[in-house]
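Read off the chains here:
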Amino acid sequence: MPISGNQDLDESTTAQHPSFPALLLGLPALLFALITWQVLAEGPLVRLDQRVSRGLVHPDGLSEFLSDLGNVQVAVPVLTVALGYVALRTRRTDRWWLPVSAAAFLMVLVPALIIPLKELTDRPGTPAVPSATGFYPSGHTATAAIAYGCATLLLLPRFSTPVARRALVTACLVLVLGVSYGLVRRGYHWPLDVVASWCLCAVLLSSLWLFLRRTTTPRAARRS
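Calculation criteria
- Residues numbered from 1 in each chain as written.
- Predicted model: local features only at pLDDT ≥ 70, side-chain atom pairs only at ≥ 80, totals over all residues.
- Heavy atoms only, no water.
- Helix = DSSP H or I, 4+ residues; strand = E, 2+ residues; numbered from the N terminus.
- Expected span 1.5 Å × (residues − 1).
- Buried < 20%, exposed > 50% of the residue type's maximum accessible area, 1.4 Å probe, protein only.
- Contact = heavy atoms within 4.5 Å.
- Phe/Tyr/Trp six-rings, centres within 6.5 Å; stacked < 30°, edge-to-face > 60°.
- Lys NZ or Arg CZ within 6 Å of the ring centre and 35° of its normal.
- Salt bridge = Lys/Arg side-chain N within 4 Å of Asp/Glu carboxyl O.

Caption draft 1: How the structure looks around helix H6 (residues 97-121). The end-to-end C-alpha distance of H6 is 37 Å, a good match for the 36 Å that 25 residues give at a rise of 1.5 Å each. Looking at H6, one finds that the buried residues are Leu98, Pro99, Val100, Ala102, Ala103, Leu106, Met107, Val110, Ile114, Leu117, Lys118 and Thr121. Buried residues along H6 sit against helix H2 (20-41), helix H5 (72-90), helix H7 (139-155) and helix H9 (191-216). Trailing H6 by a residue or two, Asp122 shows a phi angle of about 50°, which is positive.

Caption draft 2: Geometry of unusual backbone geometry. Cis rather than trans, the peptide bond between Tyr136 and Pro137 has omega equal to -10°. With respect to the element layout, Pro137 can be found in the loop between H6 and H7. Unlike most non-glycine residues, Glu42 shows phi in positive territory, near 50°. By the secondary structure assignment, Glu42 is in the loop between H2 and helix H3 (44-56). For Arg95, which is not glycine, the phi dihedral falls at a positive 55°. Position of Arg95 among the secondary structure elements: in the loop between H5 and H6. In this structure Arg95 comes out as partly exposed when scored by relative accessible area, which is 41%.

Caption draft 3: Quick look at the packing of aromatic side chains. Counted under the stated rule, the structure contains 1 aromatic pair. Centre to centre, the rings of Phe32 and Tyr136 are 6.4 Å apart; their planes meet at 15°, and the pair counts as stacked. Residue Phe32 is located in helix H2, and its partner Tyr136 is located in the loop between H6 and H7; the two are separated by 104 residues in the primary sequence. We classify Tyr136 as buried; its relative accessible area is 0%. The side chain of Arg213 reaches across the aromatic face of Trp209, ending 4.8 Å from its centre.

Caption draft 4: Quick look at the pattern of salt bridges. On inspection of all chains with the given rule, the structure shows 3 salt bridges. A salt bridge links Glu64 to Arg186; the shortest N-O distance between them is 2.8 Å. Of this pair, Glu64 sits in helix H4 (residues 61-68) while Arg186 is found in helix H8 (residues 162-186), placing the two residues 122 residues apart along the sequence. With relative accessibility at 19%, the residue Arg186 sits in the buried group. Measuring nitrogen to oxygen at the nearest pair gives 2.8 Å for the salt bridge that ties Asp193 to Arg123. With Asp193 in helix H9 and Arg123 in the loop between H6 and H7, this residue pair connects regions lying 70 residues apart in the sequence. As far as the burial class goes, Asp193 and Arg123 line up, both buried.

Pasting the structure below:
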């Protein structure tokens, strides 16, 4: 997951490596396109996915709880609190509303992207769920990744120590991976449904990170 400001990845990254943004956006987009093609064509990757799923599915209370962390009713309020906190702390700064608006827009964009993809692929669910279609990509994974990821990117500049910033990023990763594990373990989604959502959200969160760096970093610092 991308890290904002001068944490772990700093302003010199793109200055020294102009192709870095292209790789950051292009690699997950390419992988997403490959997985989507395999799902539409029912290719060998899908058959492997089905075999892996059979070995992983084991519904239990923990997997149900973890998958619920990707519900809109859970993830979106977390992001809303983060948006409100950041807006309150930065309201006297120039263009304070840009990061908050960008993160909110990304959350709204999730169903606008996921729902048409579900209709396009029309992928059936695992044997653990009632007979239905429209499981690709995973909406719960995307909701968790964007909600918790956007909250993390907005809150990172508010943490002053590297240890605190790493703890925040780690908590975000644990939440998203926990939701992903729960969805697969419970049988709500095939593994590829989840991986595809990771790829899609990697593109979206990387775009937000690049946008935040351009809009919140002083111009003189960017030149230096």
